[in-house]
Amino acid sequence: MTASAQQSGGNIAGWSSSHWVAGFVAVLVGFASSVAIVFQAAAAAGANAAQIASWIGILGFAMGVTCIGFSWYFKAPVLTAWSTPGAALLATSLSGYSLAEAVGVFMFSALLTLLIGLSGWFDRFSKVLPLPLANAMLAGILLQFGLGIFRYLPQAPVLVIGLVLLFVLSRRFIARYSIPLVLLAGVICTLLRGEWSVQQLQPSLVQLEWVWPEFHWQALLGVGLPLFIVTMSSQNLPGLAVLRSQGYQTPVSPLLTVTGLLTLITAPFGNFSINLAAITAAICSGPEAHPEPASRYRAGIAAGVFYLLTGLAGSTIVALFLAFPPALVAVVAGLALLVTIAGNLSVVTAEGPYREAAMLTFLLTASGVSFFGIASAFWGLVLGLVVLLLQKWRA
């Protein structure tokens, strides 16, 4: 046994408490940081409380199975997550579509991911679509969430201002845990103000609900295609980069194939997209998980176990969040996406050959207008590509 293994409470061939701690922290950060956005996406699709619970349940099961399976098979801390930007896109684009049509969107996006995985065209995808345009589309989608931080300021000034200040201060000292801390503070605040009571909770196991898909071409183009692009560019690419930065050379095609296929099969239960994780993967692939890199895959397995438990508790999680005041949900969702919005805007506004096209993509996407029943995210991307073609032709 090496000295580093002794210090971590185990050896490279066995489990250590650090594996379980890293796995638990990864799931806590992943859920607390973005589950409010998933709720908004489900609400936009017209899902009721039982169907939202099914969404949380199937997402937890899918992430749990893939985290355990990938980490064990590849002996690397390969974590998956739901697509947070994808959920934000759904929350802003599914209005007017039925839940059945939303399921069709999920399946279409999953099919595209499956095809990318089977064909091995992941690298080609990243070259065909200029990253600044994908960033611009994502920034336009997320802008409404940023504005939502202050939408309830007149009704709940203490809550909004207090949580914003807490977020700013916590980002300075404990950036990784700022959103869970904000969520906890918001819950305590609502409890003290009598706006929510723990007695309202009735713990129960989740029950999955099947929804037959319907395929509407406007929904597939206006929501499904952007969902695929956003997930690939803002989730799978960074997730792979995290693994590579820690020295894990896990092949990407099998990961995309499995996540695409699993999403396709489980979409009728509410799985809108699972993909490679970035932030939570960083937690389980770093030295905090274990001093020995070869042992860190166990942290990925531990995260999968906790994801399975959250999937089982899907109904309880839904009851918890449905009892939250709308102001708390809006502020937490907006703050969770604030850094992402800023990062994408910095790419959009940077000097370079894509600046004009990216800005037009951002503005049209953020406008929310639709043509022929197709959402603005699609048209924003089309406009950006047309501008780039015109610029190349002029040159």
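Coordinates for the structure precede this section.
In this text the structure is predicted, and so the values were computed from the model without any measurement. (Residues numbered from 1 in each chain as written. Predicted model: local features only at pLDDT ≥ 70, side-chain atom pairs only at ≥ 80, totals over all residues. Heavy atoms only, no water.)

1. Observations regarding empty space enclosed by the protein
Right, on to step 1. A full pass over the atoms with the stated rule returns three cavities of 30 Å³ or more.
Right, on to step 2. As for the largest cavity, its lining consists of Ser-109, Ala-110, Thr-113, Thr-231, Asn-236, Thr-259, Gly-260, Thr-263, Ser-273 and Ile-274.
Right, on to step 3. Those elements that provide at least two residues to the lining of the largest cavity are helix H5 (99–119), helix H10 (217–245) and helix H11 (252–266).
Right, on to step 4. Residues belonging to the lining of the largest cavity are distributed by class as follows: two nonpolar, eight polar and no charged. (1 Å grid on protein atoms, 1.4 Å probe; cavity = no way out; pocket = protein on both sides within 12 Å on 5 of 7 lines; lining within 4 Å. Points joined across faces, edges and corners; volume = space filled by probe spheres on them. Helix = DSSP H or I, 4+ residues; strand = E, 2+ residues; numbered from the N terminus. Nonpolar A, V, L, I, M, F, W, Y, C, P; charged D, E, K, R; others polar.)

2. A closer look at unusual backbone geometry
Right, on to step 1. Even without glycine at this site, Lys-75 takes up a positive phi of about 55 degrees.
Right, on to step 2. Turning to its location among the elements, Lys-75 is positioned in the loop between helix H3 (49–74) and strand S1 (80–82).
Right, on to step 3. The class of Lys-75 is partly exposed, set by a relative accessible area of 38%. (Buried < 20%, exposed > 50% of the residue type's maximum accessible area, 1.4 Å probe, protein only.)

3. What about helix H14 (residues 314–322)?
Right, on to step 1. Among all positions in H14, only Gly-314, Ser-315, Thr-316, Ile-317, Val-318 and Phe-321 are buried.
Right, on to step 2. On its buried face, H14 is in contact with helix H2 (17–44), H3, helix H9 (178–192), helix H13 (297–312) and helix H15 (326–348). (Contact = heavy atoms within 4.5 Å.)

4. A look at the packing of aromatic side chains
Right, on to step 1. This structure, assessed with the given rule, holds nine aromatic pairs.
Right, on to step 2. Ring centres of Phe-70 and Phe-74 lie 6.3 Å apart, and the angle between their planes is 50 degrees; on these two criteria the pair is classed as tilted. Note that Phe-70 and Phe-74 are positioned in helix H3 at a spacing of four residues, about one turn of the helix.
Right, on to step 3. Judged by its relative accessible area of 6%, Phe-70 is buried.
Right, on to step 4. On the basis of an interplanar angle of 85 degrees and a centroid distance of 5.0 Å, the ring pair of Tyr-73 and Phe-74 is categorised as edge-to-face.
Right, on to step 5. Look at Tyr-73 and you get exposed, because its relative accessible area is 60%.
Right, on to step 6. Accessibility expressed as a relative area gives 22% for Phe-74, which makes it partly exposed.
Right, on to step 7. Each member of the aromatic cluster is reached from another via a ring pair, and the members are Trp-20, Phe-24 and Phe-306.
Right, on to step 8. Here the guanidinium or amino end of Lys-75 rests over the ring plane of Tyr-297, the centre of that ring lying 5.4 Å away. (Phe/Tyr/Trp six-rings, centres within 6.5 Å; stacked < 30°, edge-to-face > 60°. Lys NZ or Arg CZ within 6 Å of the ring centre and 35° of its normal.)

5. Let's talk about the nonpolar core
Right, on to step 1. Phe-31, Trp-55, Phe-106 and Phe-272 are the most contacted members of the largest nonpolar core, which has 120 residues in total.
Right, on to step 2. Top contributing element to this core by residue count: H2, with 14 residues.
Right, on to step 3. Apart from residues lying up to four places away in sequence, Phe-31 is in contact with Ile-56, Met-63, Trp-82, Tyr-307, Thr-310 and Ile-317. (Core = buried A, V, L, I, M, F, W, Y, C linked by side-chain atoms within 4.5 Å.)

6. Structural notes on the packing of H2 against helix H4 (residues 84–93)
Right, on to step 1. The N-to-C vectors of H2 and H4 enclose an angle of 35 degrees; their axes lie 8 Å apart at closest approach. The two elements H2 and H4 meet at a crossing, and its hand is left-handed. Residues Ser-34, Ile-37, Val-38, Gln-40, Ala-41 and Ala-44 of H2 form the contact with H4, whose participating residues are Thr-84, Ala-87, Ala-88, Leu-90 and Ala-91.
Right, on to step 2. Taken together, the residues that form the contact of H2 with H4 break down as eight nonpolar, three polar and no charged. (Axes fitted to C-alpha atoms, helices over the stretch in contact; angles between N-to-C directions. Left-handed = near helix turned anticlockwise from the far one by under 90°.)

7. Let's talk about the side chain of Thr-80
Right, on to step 1. Note on placement: Thr-80 falls in strand S1.
Right, on to step 2. In terms of polar contacts, Thr-80 uses its side chain to reach the backbone carbonyl oxygen of Met-63, at 3.5 Å.
Right, on to step 3. At 2.7 Å, the side chain of Thr-80 and the side chain of Thr-66 are in polar contact.
Right, on to step 4. Those residues within four positions of Thr-80 in sequence are excluded, and the remaining contacts are Met-63, Thr-66, Cys-67, Phe-70, Thr-259, Asn-275, Leu-276, Ala-277 and Tyr-307. (Polar contact = N/O pair within 3.5 Å; in protein donor to acceptor, adjacent residues only side chain to side chain.)

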